[in-house]
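Coordinate inspection notes
So the chains spell out like this:
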Amino acid sequence: MTPSPTSIDRVVLPTDSTIPLARSAEYDTYFRISRSDNAHAWAVSALAVVTAITTDLPQSTLDNDSRLRLLDALAVVVGDASAAAAAAAQERSPSPLEAPPNPSETGQHDRTPQAPNDAARQAITRWKKGHHLFHLFVISMNSRLAAVLESLATEQWPDLADQLTELGTLYAGATESMRYASDFSPEIYRDFVRPSMEPPWLEPGFSAVFNRDHDVMLTRAKVVRTTLKTAELPSVASDSARRLWKSQAENRRAHQLICQRFVPGGESLLQEHFDAADQSN
């Protein structure tokens with residue numbers, strides 16, 4: 001029995017790695033994302049997401065290579081979550097009553113139509129949990145992108161090589177998290193998942209561009225790429241950088257293929273909204 005979408009736990013993400021966007025709150029509401037500066041709450045939530053994904057992974061259609069890439073990246077996230085929890089424990093002992101924000105208290109209510117069958121319930125669960133995992137990868141990327149710039153400035157080449165290697169691992173994991181999130185039929189996407197992101201459930205023009213964490217990652221990645229290209233790197237760091245660019249390129253190709261599989265030659269909901277607005281003017 002697959003879980004009901006309303007039973008999907010929220011993921012907690014830190015607030016300090018984002019740039020507020022006009023409709024980012026709606027994006028967070030749809031994907032059941034809460035924001036907190038409590039490192040312990042983020043760590044516990046991250047580990048819960050990892051547990052849910054690894055439990056469902058054997059039932060997915062991802063091949064062994066994809067699963068291994070995902071598990072490699074999950075190990076990085078688990079390390080980050082453990083380090084965050086340890087740091088929080090040193091600062092203060094978290095109260096056992098402390099928990100992620102309740103959606104009824106924050107105004108973040110579930111905005112997903114009732115799934116008509118088990119296949120649709122499984123699809124919406126993977127769609128949202130896969131996005132939770134993608135966010136965790138992006139949060140870890142954001143930390144390492146900042147660390148890359150610091151290592152470059154101080155010429156800490158071994159640290160730089162390690163950070164670039166982990167970034168490549170996280171990019172590969174993000175690619176597999178997209179494949180996991182979309183691990184259901186195009187018919188279910190057409191008939192249930194895509195309509196769940198349209199009125200009356202959401203405002204017209206819902207889009208991934210409202211993803212605050214990804215917006216931060218793209219901005220930092222551009223700075224890092226420009227800086228790396230102009231820096232004189234030792235071979236160990238330059239090899240890691242080339243592997244990172246390869247992972248980034250694969251990430252973009254995979255996203256394009258997923259979009260094409262679900263909406264062949266079609267437009268995003270945001271573009272459809274813009275087109276409809278133009279026609280009404």
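Our structure's up above, just so we're on the same page.
So, here is what we can say about the structure in this document. This is a predicted model, so every value here is computed, not measured. (Residues numbered from 1 in each chain as written. Predicted model: local features only at pLDDT ≥ 70, side-chain atom pairs only at ≥ 80, totals over all residues. Heavy atoms only, no water.)

Here the focus is the packing of helix α5 (residues 118–154) against helix α8 (residues 212–230). At a minimum axis separation of 9 Å, α5 and α8 run at an interaxial angle of 30°. One element, α5, and the other, α8, form an angle in the roughly parallel class. The handedness of the crossing between α5 and α8 is left-handed. Of the residues in α8, those in contact with Phe134, His135, Val138, Ile139, Met141, Asn142, Ser143, Leu145, Ala146, Val148, Leu149 and Leu152 of α5 are Asp213, His214, Val216, Met217, Arg220, Ala221, Val223, Val224, Thr227 and Leu228. By residue class, the composition of the contact of α5 with α8 is 15 nonpolar, 5 polar and 2 charged. (Axes fitted to C-alpha atoms, helices over the stretch in contact; angles between N-to-C directions. Helix = DSSP H or I, 4+ residues; strand = E, 2+ residues; numbered from the N terminus. Parallel < 35°, antiparallel > 145°, perpendicular 65-115°, else oblique. Left-handed = near helix turned anticlockwise from the far one by under 90°. Contact = heavy atoms within 4.5 Å. Nonpolar A, V, L, I, M, F, W, Y, C, P; charged D, E, K, R; others polar.)

Core analysis: the biggest nonpolar cluster contains 65 residues, and Trp42, Trp127, Leu136, Phe137, Val193 and Met197 have the highest contact counts within it. For this core, the element with the most residues is α5, which contributes 14 residues. Leave out the neighbours within four places in its chain, and tryptophan 127 touches Tyr30, Phe31, Ala181, Phe184, Tyr189, Val193 and Met197. (Core = buried A, V, L, I, M, F, W, Y, C linked by side-chain atoms within 4.5 Å. Buried < 20%, exposed > 50% of the residue type's maximum accessible area, 1.4 Å probe, protein only.)

Below, the discussion takes up helix α7 (residues 186–193). Of the residues making up α7, those classed as buried are Ile188, Tyr189, Phe192 and Val193. The arc that holds the buried residues of α7, viewed along the axis, is 105°, so those residues lie on one side. For α7, the exposed residues set more than 90 degrees away from the buried face come down to Arg190 and Asp191. (Arc of directions from axis to C-beta.)

Time to look at the environment of aspartate 80. Tracing the backbone through its elements, the reader meets aspartate 80 in helix α3 (residues 64–91). Considered as a pair, aspartate 80 and alanine 43 are 37 residues apart in the sequence and their alpha carbons are 8.0 Å apart. Each residue touching aspartate 80, except ones within four places of it in the same chain, is listed here: Trp42, Ser140 and Arg144.

All right, on to the environment of leucine 152 then. Mapping leucine 152 onto the fold places it in helix α5. Residue leucine 152 is classed as buried on the basis of its relative accessible area, which comes to 11%. Sequence separation between leucine 152 and alanine 231 is 79 residues; the distance between their C-alpha atoms is 8.1 Å. When residues no more than four places from it in sequence are discounted, the contact partners of leucine 152 are Trp157, Leu160, Thr227, Leu228, Ala231 and Leu233.

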